[in-house]
Amino acid sequence: MKPAPFDYYAPTSIEEALANLHELGYDGKVLAGGQSLIPAMNFRMARPAALVDLNRIKELFYIKPVDDGSLAIGTMTRDSLVEHDPIVVQRFPIIPFVVKHIAHTQIRNRGTFGGAIAHADPAAQIPALAVALKARLLVRKQGGQRWVNSEDFFLGPFMTVLEPEELLAEVVLPPMAKRSGASYQQVSRQKGGYAQAAVITIVTLDESNRCKEARVVLFSVGETPILSKAASQVLVGSAPSPAVIAQAAEQIARVEVDPGSDLHGSGEYRRQLVNVLVERALTEAFERAK
Amino acid sequence: MAQKVKINLTVNGKAYQREVEPRLLLSDFIRHDLGLTGTHVGCEHGLCGACTVLVDGEAVRSCILFAVQVDGSEVRTVESLGTPDNLHPLQQAFIEKHALQCGFCTPGFLMTIVEYLGKNPNPSDEEIREAIDGNFCRCTGYVNIVEAVRLAAQKMASH
């Protein structure tokens, strides 16, 4: 058999899962959709001593509107459900568009929204989406819980603030501001493949059509999703003219990213991609915000 | 002594109860434990799509799922589609349009497409290409496969 042996836990409630994780400590690993973990186990790059499988915990699968206009997504909600959910489509049209770019149907049918965030692959879409949308993350452990802002959640490639006994239980997306628009741009060598560079932008306009807020999140070009500071500095308070957008894009590409080189493209090439993609994404997002 | 877990599941309409090691992949369970070798195993890490089967009606990659995860589920493999004497319209369309040569990728394509046509019985060429973007073919090429899907959609509509 390909994966190394492991002890298998199949809790049917969150409490039971938290008890399993508490008892297992560093030996325990959560199995959500498994679309990244199981390939890694097939190669024996990952050899967890024990898996805590969340697939039988019905209370972790949901998309729930909250009274304040937020949307709460249970950690085990499959990507394909998020992609097609009418409330998500209506309130956050950017989400289905981004999710559609994750691998292929067969993967999205199993992959989970929360699992992708906890896995923290620097080339994955959902962690960047969480940062762009200012998601708040409910982290639970036996006897306690805490809320973590998505901006503070990612520490490095495949590294997050989650402790071994903790579980990412819920993702809460605050409502999109009025007069906001979003865009997603990526370049990958083949459809469904990892992006060589990608950006999600969410911008808001004030009554006089000046930029009120600009969130530009880059990924696949660094160790974690990168929330641009330059975007706010250059854009907020200005009318988003092509010249201002070009200036923001140029500055982001020059100062805020330092992409590495690999088989598929040099760092320099990917820096150029960032410049072009940010410009396109900001232009489209401002257009949609009007 | 390795841990064994008891699972109950339905495969192609037949109920099975088995005890399996948790690390047994669904693809290996289907092929080795049940002897259903129609499901092919290509890359074994979720890229090529050859191992695609339906779990509770949804196309999934059986090489990156553990058999224990489908406890209580209904699985469909390519063996459920048709018999040599009575092929499924989709299988017939693959023959008529020469949509296979070596046939290794075919079961994965068939299961992906049979699920897709159930949801979208009249897809455009663009949609067909999108639907099969998770399956690799390394000899026939995709043109004939797209034509076969189009023909299958017609056959199934008049079926």
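If you're wondering where the values come from, they're calculated on a predicted model, not measured in any experiment.

Some words on the overall build of chain A
Alright, step 1. Counting secondary structure elements, chain A contains twelve helices and 14 strands.
Alright, step 2. Taking the principal axes of its C-alpha atoms as reference, chain A extends roughly 60 × 50 × 30 Å.
Alright, step 3. When the 290 residues of chain A are sorted by exposure, 49% land in the buried category.
Alright, step 4. When contacts within chain A are restricted to residue pairs at least 6 apart in sequence, long-range pairs at least 24 apart make up 63% of them.

Some thoughts on the overall build of chain B
Alright, step 1. What chain B contains, in helices and strands, is five helices and five strands.
Alright, step 2. Secondary structure elements of chain B occur, N-terminal to C-terminal, as β-β-α-β-β-β-α-α-α-α.
Alright, step 3. Relative to its 159 residues, chain B shows a buried fraction of 45%.
Alright, step 4. Counting contacts in chain B only where the partners sit at least 6 residues apart, residues at least 24 apart contribute 58% of the total.

Focus: the sheet that holds strand β7 (residues 144-149) of chain A
Hydrogen bonds between backbone groups are what pair the strands of a sheet, and the pairing can be parallel or antiparallel.
All names here are of chain A.
Alright, step 1. Reading across the sheet, the five strands line up as β4-β5-β10-β6-β7 and stay open at both edges, with antiparallel pairing between neighbours. Pairing within the sheet leaves two strands with one partner each, and these edge strands are β4 (63-65) and β7. The average angle at which neighbouring strand axes cross in this sheet is 25 degrees, direction not considered.
Alright, step 2. Sheet topology places β4 next to strand β5 (residues 71-74); three bridges connect them, and they run antiparallel. The partner of P65 across the bridge, within β5, is L71.

Considering the packing of helix α11 (residues 242-256) of chain A against helix α12 (residues 267-289) of chain A
Between two packed helices, the angle of one axis relative to the other and the distance separating the axes together describe the packing.
All names here are of chain A.
Alright, step 1. At a closest axis distance of 8 Å, the pairing of α11 and α12 adopts a crossing angle of 145 degrees. Here the hand of the crossing between α11 and α12 comes out right-handed. Counting all contacts with α11, which are made through I245, A246, A248, A249, E250, I252 and A253, the residues of α12 involved are R271, V274, N275, V278, E279, L282 and T283.
Alright, step 2. When grouped by side-chain class, the residues that make up the contact of α11 with α12 number nine nonpolar, two polar and three charged.

Considering the nonpolar core
Alright, step 1. Counting residues in hydrophobic clusters, the biggest one holds 137 residues, and the most contacted among them are V217, A248, I252, V274 and V278 of chain A together with A67 and I113 of chain B.
Alright, step 2. For this core, the element with the most residues is α12 of chain A, which contributes nine residues.
Alright, step 3. For A67 of chain B, the residues in contact, after removing those within four places along its chain, are I7, V20, L24, L25, L26 and F29 of chain B.

Considerations on the sheet that holds strand β2 (residues 28-31) of chain A
Residue and element names in this part refer to chain A.
Alright, step 1. Ordered in space as β1-β3-β2, the three strands form an open sheet in which the pairing is parallel. Edge positions in the sheet fall to β1 (7-9) and β2, since each has one partner strand and no second. Sheet twist, expressed as the mean angle between neighbouring strand axes with direction ignored, is 25 degrees.
Alright, step 2. The sheet contact formed by β2 and strand β3 (residues 50-53) spans four bridges and is parallel. If you follow G28 over to β3, its bridge partner there is A50.

Side note on the interface of chain A and chain B
Note: interface size is frequently given as the accessible area lost on complex formation between the parts.
Alright, step 1. Contacts between the two partners involve 24 residues from chain A and, on the opposite side, 26 residues from chain B.
Alright, step 2. Broken down by secondary-structure element, the contributors of at least two residues to the side of chain A that touches chain B are β1, α2 (37-42) and α6 (105-108) of chain A.
Alright, step 3. Broken down by class, the residue content of the side of chain A that touches chain B amounts to ten nonpolar, nine polar and five charged.

Describing α12 of chain A
Residues and elements named next belong to chain A.
Alright, step 1. With 23 residues, α12 should reach 33 Å at 1.5 Å per residue; the first-to-last C-alpha distance of 32 Å fits that figure.
Alright, step 2. Taken together, the buried positions of α12 are R270, L273, V274, L277, V278, E279, A281, L282, A285, F286 and A289.
Alright, step 3. Residues of α12 that are buried sit in contact with β11 (180-188), β12 (195-205), β13 (211-219) and α11.

Observations concerning helix α2 (residues 89-96) of chain B
All names here are of chain B.
Alright, step 1. Along α2, the residues classified as buried are P89, L90, Q91, A93 and F94.
Alright, step 2. Looking at the packing, one finds that the buried side of α2 touches α3 (106-119) and α5 (143-157).
Alright, step 3. Just beyond α2, the residue with positive phi is H98, at close to 50 degrees.

Remarks on the pairing of β11 of chain A
Alright, step 1. Pairing of β11 of chain A with β12 of chain A involves nine bridges; the strand directions are antiparallel. Its bridge partner lying in β12 of chain A, S180 of chain A is registered against T204 of chain A.

Notes on the environment of C43 of chain B
Alright, step 1. As for its position among the elements, C43 of chain B is in the loop between α1 (26-33) and β3 (52-55).
Alright, step 2. Put simply, C43 of chain B and G108 of chain B are 65 residues apart on the chain and 12 Å apart in space, counted from C-alpha to C-alpha.

Comments concerning unusual backbone geometry
Glycine aside, residues mostly have negative phi angles, and peptide bonds mostly take the trans form.
Residue and element names in this part refer to chain A.
Alright, step 1. In the Ramachandran plot, F158 falls in the positive-phi region, its phi being about 60 degrees despite a non-glycine side chain.
Alright, step 2. For F158, a count of 17 C-beta atoms within 10 Å translates into the label partly exposed.
Alright, step 3. In this structure, R179 takes a positive phi of about 55 degrees despite not being glycine.
Alright, step 4. With respect to the helices and strands, R179 occurs in the loop between β10 (167-173) and β11.
Alright, step 5. The class of R179 is partly exposed, set by 15 C-beta atoms lying within 10 Å.

Rules and cut-offs
- Residues numbered from 1 in each chain as written.
- Chains lettered and ligands numbered in written order.
- Predicted model: local features only at pLDDT ≥ 70, side-chain atom pairs only at ≥ 80, totals over all residues.
- Helix = DSSP H or I, 4+ residues; strand = E, 2+ residues; numbered from the N terminus.
- Buried ≥ 20, exposed ≤ 12 C-beta atoms within 10 Å, placed from the backbone.
- Contact = placed C-beta atoms within 7 Å.
- Pairing = 2+ DSSP bridges.
- Axes fitted to C-alpha atoms, helices over the stretch in contact; angles between N-to-C directions.
- Left-handed = near helix turned anticlockwise from the far one by under 90°.
- Nonpolar A, V, L, I, M, F, W, Y, C, P; charged D, E, K, R; others polar.
- Core = buried A, V, L, I, M, F, W, Y, C linked by C-beta atoms within 7 Å.
- Expected span 1.5 Å × (residues − 1).

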